[in-house]
Amino acid sequence: MATRGPVDQAQMRAAVLAVLPWLDDPRVPEPDRSSLAAAVRLSARTLAQAAPGNSVEVRVPPFVAVQCIAGPRHTRGTPPNVVELDPRTWLLLVTGRTTFDAARAQALLQSSGTRAEEIAHWLPLLRP
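Conventions and cut-offs
Residues numbered from 1 in each chain as written. Predicted model: local features only at pLDDT ≥ 70, side-chain atom pairs only at ≥ 80, totals over all residues. Heavy atoms only, no water. Helix = DSSP H or I, 4+ residues; strand = E, 2+ residues; numbered from the N terminus. Rg over C-alpha atoms; globule rule 2.2 N^0.38 Å. Buried < 20%, exposed > 50% of the residue type's maximum accessible area, 1.4 Å probe, protein only. Core = buried A, V, L, I, M, F, W, Y, C linked by side-chain atoms within 4.5 Å. Contact = heavy atoms within 4.5 Å. Pairing = 2+ DSSP bridges. Axes fitted to C-alpha atoms, helices over the stretch in contact; angles between N-to-C directions. Parallel < 35°, antiparallel > 145°, perpendicular 65-115°, else oblique. Left-handed = near helix turned anticlockwise from the far one by under 90°. Nonpolar A, V, L, I, M, F, W, Y, C, P; charged D, E, K, R; others polar. Polar contact = N/O pair within 3.5 Å; in protein donor to acceptor, adjacent residues only side chain to side chain.

Peer 1: What is the right way to look at the overall build of the protein chain in this model?
Peer 2: Scanning the protein chain from N- to C-terminus turns up 5 helices and 4 strands. N-terminal to C-terminal, the α/β element order of the protein chain is α-α-α-β-β-β-α-α-β. At 14 Å, the protein chain has a C-alpha radius of gyration in line with the 14 Å of a compact globule built from 128 residues. Each principal axis of the C-alpha distribution contributes one length, and for the protein chain these read about 40 × 35 × 25 Å. Out of the 128 residues belonging to the protein chain, those deemed buried represent 41%.

Peer 1: So what exactly am I meant to see when it comes to the nonpolar core here?
Peer 2: For soluble globular proteins, the rule of thumb is that nonpolar side chains tend to be buried together. Ranked by internal contacts, the top residues of the largest apolar core, which has 39 residues, are V58, W90, L91 and I119. Contributing elements (two or more residues each) for this core: α1 (9-18), α2 (20-24), α3 (33-50), β1 (56-60), β2 (64-68), β3 (82-85), α4 (87-94) and α5 (100-105). At 7 residues, the largest contribution of residues to this core is made by α3. Contact partners of I119, with chain neighbours within four places excluded, come to L47, V56, V58, C68, I69, V83 and F100.

Peer 1: Just checking my understanding: could you explain the pairing of β2 for this structure?
Peer 2: On any regular strand, side chains alternate: one points to one face of the sheet, the next to the other face. Burial of the side chains of β2 is restricted to one face: V64, V66 and C68 are buried, whereas none of A65 and Q67 on the reverse face is. The pairing of β1 with β2 spans 5 bridges and is antiparallel. In the strand pairing of β2, E57 is matched with Q67. Between β1 and β2, which pair antiparallel in sequence order, lie 3 residues.

Peer 1: Just checking my understanding: could you explain unusual backbone geometry for this structure?
Peer 2: Most peptide bonds adopt trans geometry, and most residues besides glycine take a negative phi value. Across the junction of P61 and P62, the peptide omega takes the value 5 degrees, indicating a cis bond. As for its position among the elements, P62 is in the loop between β1 and β2. Here the bond from L123 into P124 is cis, since omega is 0 degrees, no more than 30 degrees from zero. Tracing the sequence through the fold places P124 in the segment after β4 (109-112). In this model, I69 sits at a positive phi of 70 degrees, which is unusual for a non-glycine residue.

Peer 1: I keep staring at the pairing of β1 and nothing clicks. Help me out?
Peer 2: For β1, the tally of buried residues reaches 4 of 5 residues, placing the bulk of the element in the interior. Sheet topology note: the β1/β3 ladder contains 3 bridges and is parallel. From the neighbouring strand, R59 faces β3, where its bridge partner is E84.

Peer 1: Mind showing me how you'd approach the packing of α1 against α3 here?
Peer 2: A pair of packed helices can be characterised by two numbers: the angle between their axes and the separation between those axes. Packing of α1 against α3 brings their axes to within 8 Å, and their N-to-C directions diverge by 135 degrees. Classified by the interaxial angle, the pair formed by α1 and α3 is oblique. Crossing handedness for the pair α1 and α3: left-handed. In this structure, α1 uses Q9, Q11, M12, A15 and V16 to contact α3, whose residues at the interface are A38, A39, L42, S43, T46 and Q49. Tallied by class, residues from the contact of α1 with α3 come to 6 nonpolar, 5 polar and no charged.

Peer 1: Would you explain α4 in this entry?
Peer 2: Because the α-helix completes a turn every 3.6 residues, residues three or four places apart line up on one side. With respect to burial, α4 is a largely interior element, 7 of its 8 residues being buried. Structurally, the start of α4 carries an N-cap: the backbone nitrogen of R88 is 3.0 Å from a side-chain oxygen of D86.

Here it is as structure tokens:
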């Protein structure tokens, strides 16, 4: 994966705010793919920037997968610590509209490994 520069926090905030009506009301039509992709990618990269490391992989298909949280580096095969969730659930976590525990209890995310839930410490990333 290519190394990228730091995430512009104003750009991330604007991207997430653009999809906020959909997060607040699921009856609102889903944002267009490019707007949703920008919000997901920029917020996931913000997590990776805030909690640098390679011990937990956060997957938000089809848009992004990032590694974060300091600890042992994973290099081959399926990572031992994975959190996978859909874009809407990810953005609900990012904005504090749900918590990691609540999303897991509602089966809105899948997590594996002893360190996966450590991402909860870094969320929310933005409080609109």
